[in-house]
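Chain and residue survey
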Number of protein chains: 2
Amino acid sequence: MPKIVVPEERRAAISDAVIRVVRRAGVEGATLRTVADEAGLAIGSVRHYFGSHEDVLIFTMRELGLRIGRRIGTHVDRLLGTDPDIDRRAAVEDLFAEFLPLDPIRWDEAVVWLAFTTAARTRPSLRDTAVEQHAFMRGLITRVLQEATARGALPDRLDLEVECLRLSALLDGLTLQAVLHPENTTPDLLLAALRRSLTALQS
Amino acid sequence: MPKIVVPEERRAAISDAVIRVVRRAGVEGATLRTVADEAGLAIGSVRHYFGSHEDVLIFTMRELGLRIGRRIGTHVDRLLGTDPDIDRRAAVEDLFAEFLPLDPIRWDEAVVWLAFTTAARTRPSLRDTAVEQHAFMRGLITRVLQEATARGALPDRLDLEVECLRLSALLDGLTLQAVLHPENTTPDLLLAALRRSLTALQS
DNA sequence: ACGAGCGTAGCACCACCGTGCTATAAAGGG
DNA sequence: CCCTTTATAGCACGGTGGTGCTACGCTCGT
């Protein structure tokens, strides 16, 4: 049966298993044994595709980061595209809403990403990915704010560095609360908070 | 030498050691051995004061929560006190600023608290404390907003549930970013973001 | 003064971790 | 057809985790 296998697919399947385990038991719960079990493989098979346990985590975190970035990228394309007739306010709202865990799929992703990015504080091998993703988020928000300012959609004496921080902190904070206290942080509340903040920004 | 020891002091000293270890190595790094080492005790001595490793973590998290709550409580007393001549806007700002990691001491506390509260998601024994502290924060913010509305300091058609979420998410998000990406999130930026948000709330 | 009780310390056990290493079976190329 | 390569699987080792249990010494009540 071997040799027909595409290594990339196997790696992806394994990292999916890692994501499920982390969601259930945290990063420290994702041992080679639990991951192999979740993936329906033997521990030796998992090790065949990764140099070490650390590599499994690094690959999975990067994979998850790419997945999130790809999802958000879709909205960026629409917003920064050439179509002049779109409702830009709605497009911006959609873009930022994509950061929020508004459905079970994104909620799971947010849970796992939070686990990884907090774990990265004490795991040097995960830091790079965490920093990259954070820079991506800050850069994206800054660009959107700059563009909106240039367009006259925002007051032009805003301190964009502070506004970027406020917005990214809001998104991170909403996500954090939705992940840790979902019973008090329903999707409709998340959306209401985002809408209110964007509206307040315009005045 | 024994018997002169006050058990509560020993427990407090041990939980201080736990806090230092968690700051350095995360919750999963706080094993009985590392904690005992950090406290300058033998592993058996630590176990004399706690029923289990789990108890050590529970006690320490609760202790840290109380410490944070006590610090914030000081500002609450001042704000809700009877003195009519205080600058209420400044008092509110001071109160909320107390949630932020503006100095090394509070930064350490924020790091450790974040570690505990995220760990609580997968550790049932820590959940209660996490939920309590979160309810405390939400309740406090709601009360302040209600009082400000009653006083006429805020527009009275605000949806306080949404505003409470916005504010608590902002504080949590700012803290999260300061903890995970301190190089991009300096204390003066944190304060600027808070001030801007409070001002925006009033208009 | 002496025994009870508490603080301190550490051994021993089992469970689980990552990893080096080996074994087996299934392809694909010569 | 055989032999190299690759996928899969698993053993065994060293290290480390929490914990049950025991040992020892100091202090204080009687």
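Per an unreviewed UniProt entry, chain A is named Transcriptional regulator, TetR family, and its organism is Actinokineospora diospyrosa.

This next bit is on the overall build of chain A. For chain A, the helix and strand inventory stands at nine helices and zero strands. Moving toward the C terminus, one meets the helices and strands of chain A in the order α-α-α-α-α-α-α-α-α. Judged by the C-alpha coordinates and their principal axes, chain A covers about 60 × 40 × 30 Å. Across the 203 residues in chain A, those meeting the buried criterion constitute 49%. If you sum the accessible surface of chain A, you get close to 9,800 Å²; carbon and sulfur atoms cover 54% of it. Measuring between centres, the 26 positive side-chain charges of chain A sit 3 Å from its 29 negative side-chain charges.

The next subject is the environment of Leu79 of chain B. Residue and element names in this part refer to chain B. Inspection of the secondary structure puts Leu79 in helix α4 (residues 53-80). By relative accessible area, Leu79 is classed as buried at 2%. Along the primary structure Leu79 and Val92 are separated by 13 residues, whereas in three dimensions their C-alpha atoms are 7.0 Å apart. Excluding its chain neighbours within four sequence positions, the residues that come into contact with Leu79 are Ile86, Arg88, Ala91, Val92, Leu95 and Val144.

Attention shifts here to the side chain of Thr185 of chain B. Here Thr185 of chain B lies in the loop between α8 (160-180) and α9 (187-202). Using a relative accessible area of 4% as the deciding quantity, one classes Thr185 of chain B as buried. Side-chain polar atoms of Thr185 of chain B contact the side chain of Arg138 of chain A, separated by 3.1 Å. In contact with Thr185 of chain B, not counting residues within four places along its chain, are Arg138 and Leu165 of chain A together with Leu174, Gln177, Ala178 and Leu190 of chain B.

Attention shifts here to the packing of aromatic side chains. All names here are of chain A. Applying the stated criterion across every chain, the model contains two aromatic pairs over all chains. Relative to Phe59, the ring of Phe50 lies with its centre 5.5 Å away and its plane at 65 degrees, an arrangement referred to as edge-to-face. Overall, Phe59 belongs to the partly exposed group, its relative accessible area being 26%.

This paragraph deals with the packing of helix α4 (residues 53-80) of chain A against helix α7 (residues 124-150) of chain A. Residue and element names in this part refer to chain A. Viewed as axis vectors pointing N to C, α4 and α7 meet at an angle of 10 degrees, and their least axial separation amounts to 9 Å. With respect to α7, the element α4 is oriented roughly parallel. Contact residues: α4 offers Glu54, Leu57, Ile58, Met61, Arg62, Gly65, Ile68, Gly69, Ile72, Val76, Leu79 and Leu80, while α7 offers Ser125, Leu126, Thr129, Ala130, Glu132, Gln133, Phe136, Leu140, Arg143, Val144 and Glu147. In the contact of α4 with α7, the residues fall into 13 nonpolar, five polar and five charged.

Next up on the list: α4 of chain B. Note on helix geometry: an α-helix contains 3.6 residues per turn, so any two residues three or four positions apart are oriented the same way. Spanning 28 residues, α4 of chain B covers 40 Å between terminal C-alpha atoms, matching the ideal 40 Å at 1.5 Å per step. Where α4 of chain B is buried, its residues touch α1 (7-25), α2 (32-39), α5 (88-97), α6 (104-119) and α7 (124-150) of chain B.

So, on to the interface of chain B and chain A. Each partner contributes to the interface: chain B provides 45 residues, whereas chain A provides 45 residues. When chain B packs against chain A, close to 3,700 Å² is buried across both sides, 58% of that on carbon and sulfur atoms. By the criterion of area lost to chain A, the three top residues of chain B are Arg121, Arg166 and Gln177 of chain B, representing 18% of everything that side buries. At the boundary of chain B with chain A, the tally comes to four salt bridges. For Glu28 of chain A, the salt bridge is made with Arg123 of chain B, and the minimal N-O distance between the two is 3.9 Å.

The subject of this paragraph is the UniProt feature "DNA-binding region" (unreviewed entry) in chain A. Taking the numbering used here, the UniProt-annotated feature "DNA-binding region" (unreviewed entry) corresponds to residues 31-50 of chain A. Helix makes up 75% of residues 31-50 of chain A and strand 0%, with an end-to-end C-alpha separation of 13 Å.

For Gln177 of chain A, the position within the fold is in helix α8 (residues 160-180). Residue classification places Gln177 of chain A among the buried positions, given a relative accessible area of 0%. Put simply, Gln177 of chain A and Leu190 of chain A are 13 residues apart on the chain and 9.6 Å apart in space, counted from C-alpha to C-alpha. Apart from the residues lying within four places of it in its own chain, the contact partners of Gln177 of chain A are Pro182 and Thr185 of chain A together with His134, Arg138, Leu165, Ser168, Ala169 and Asp172 of chain B. Within the local environment of Gln177 of chain A, its side chain forms a polar contact with the side chain of Arg138 of chain B, the two groups lying 2.6 Å apart.

This part takes up the relation of the copies chain B and chain A. Superposing the two chain copies requires a rotation about an axis and a translation along that axis. If you rotate chain B by 180 degrees and push it 0.0 Å along the axis, it lands on chain A with an RMSD of 0.0 Å. In symmetry terms, the pair is related by a two-fold rotation axis. For chain B, the residue whose C-alpha comes nearest the rotation axis is Gly173 of chain B, separated from it by 1.9 Å. A shared interface surface links the copies, since 100% of the contact residues of chain B are contact residues in chain A too.

About the thresholds
- Residues numbered from 1 in each chain as written.
- Chains lettered and ligands numbered in written order.
- Predicted model: local features only at pLDDT ≥ 70, side-chain atom pairs only at ≥ 80, totals over all residues.
- Heavy atoms only, no water.
- Helix = DSSP H or I, 4+ residues; strand = E, 2+ residues; numbered from the N terminus.
- Buried < 20%, exposed > 50% of the residue type's maximum accessible area, 1.4 Å probe, protein only.
- Areas by Shrake-Rupley, 256 points an atom, 1.4 Å probe, with all protein chains shown as cover.
- Lys, Arg positive; Asp, Glu negative; His and termini not counted.
- Charge placed at Lys NZ, Arg CZ, Asp CG, Glu CD.
- Contact = heavy atoms within 4.5 Å.
- Polar contact = N/O pair within 3.5 Å; in protein donor to acceptor, adjacent residues only side chain to side chain.
- Phe/Tyr/Trp six-rings, centres within 6.5 Å; stacked < 30°, edge-to-face > 60°.
- Axes fitted to C-alpha atoms, helices over the stretch in contact; angles between N-to-C directions.
- Parallel < 35°, antiparallel > 145°, perpendicular 65-115°, else oblique.
- Nonpolar A, V, L, I, M, F, W, Y, C, P; charged D, E, K, R; others polar.
- Expected span 1.5 Å × (residues − 1).
- Buried area = accessible area lost by both parts, 1.4 Å probe.
- Salt bridge = Lys/Arg side-chain N within 4 Å of Asp/Glu carboxyl O.
- UniProt positions renumbered as here; feature names shortened; annotations may be inferred.
- Least-squares fit on C-alpha atoms with pLDDT ≥ 70 in both.

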